[in-house]
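What follows is the residue order along each chain.
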Amino acid sequence: MRLDNQLNLTASLLEIESLRYTPSGIPAINCRLEHESETQEAGQSRTVKALMKSVAFGAVAEQLARQDIGSNWNFKGFVATPRGAKHVVFHIQEFAQQ
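Let us look at the structure shown here. (Residues numbered from 1 in each chain as written. Predicted model: local features only at pLDDT ≥ 70, side-chain atom pairs only at ≥ 80, totals over all residues. Heavy atoms only, no water.)

Looking at unusual backbone geometry
Excluding glycine, most residues fall at negative phi; most peptide bonds, likewise, are trans. For A42, which is not glycine, the phi torsion reads 55 degrees and is therefore positive. Following the sequence through the fold, A42 ends up in the loop between strand 3 (27–41) and strand 4 (44–57). (Helix = DSSP H or I, 4+ residues; strand = E, 2+ residues; numbered from the N terminus.)

Given below as structure tokens:
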């Protein structure tokens, strides 16, 4: 049985922390994304807003570190709950201009 954990999200970069390195030397960066859209739910139009804690590693982290706050992107990745945390974090695996 295969279970999928794939998230595609169009969002803007709300905050980007400084590029850092893991103990094994892999580039990493934390950021927060902001999403806003219109959707249908139970037959009604609804405005959806979401803030998403996010992280990227490797070349994706290095690319993300060079982007401007407020810029819009299509992000792809997966969600996971860090050890000891109660919230999910979006692990960005790729992103492209909207």
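We are not done yet, so read on.
What to know about the pattern of salt bridges
What the rule picks out here adds up to 1 salt bridge. Salt-bridge contacts for R46 lead to E41; the nearest nitrogen and oxygen are separated by 2.6 Å. Overall, the relative accessible area of 43% leaves E41 in the partly exposed class. (Salt bridge = Lys/Arg side-chain N within 4 Å of Asp/Glu carboxyl O. Buried < 20%, exposed > 50% of the residue type's maximum accessible area, 1.4 Å probe, protein only.)

A closer look at the packing of aromatic side chains
Summed over the entire model, instances satisfying the criterion amount to 2 aromatic pairs. On the numbers, 5.0 Å between centres and 85 degrees between planes, the contact of W73 with F95 is edge-to-face. One end of the pair, W73, is in strand 5 (residues 72–80); the other, F95, is in strand 6 (residues 89–97), with 22 residues separating them in the sequence. Of the residues examined, W73 reaches a relative accessible area of 8% and is grouped as buried. Overall, F95 belongs to the buried group, its relative accessible area being 16%. An aromatic cluster of three or more residues is present, and its members are W73, F75 and F95. (Phe/Tyr/Trp six-rings, centres within 6.5 Å; stacked < 30°, edge-to-face > 60°.)

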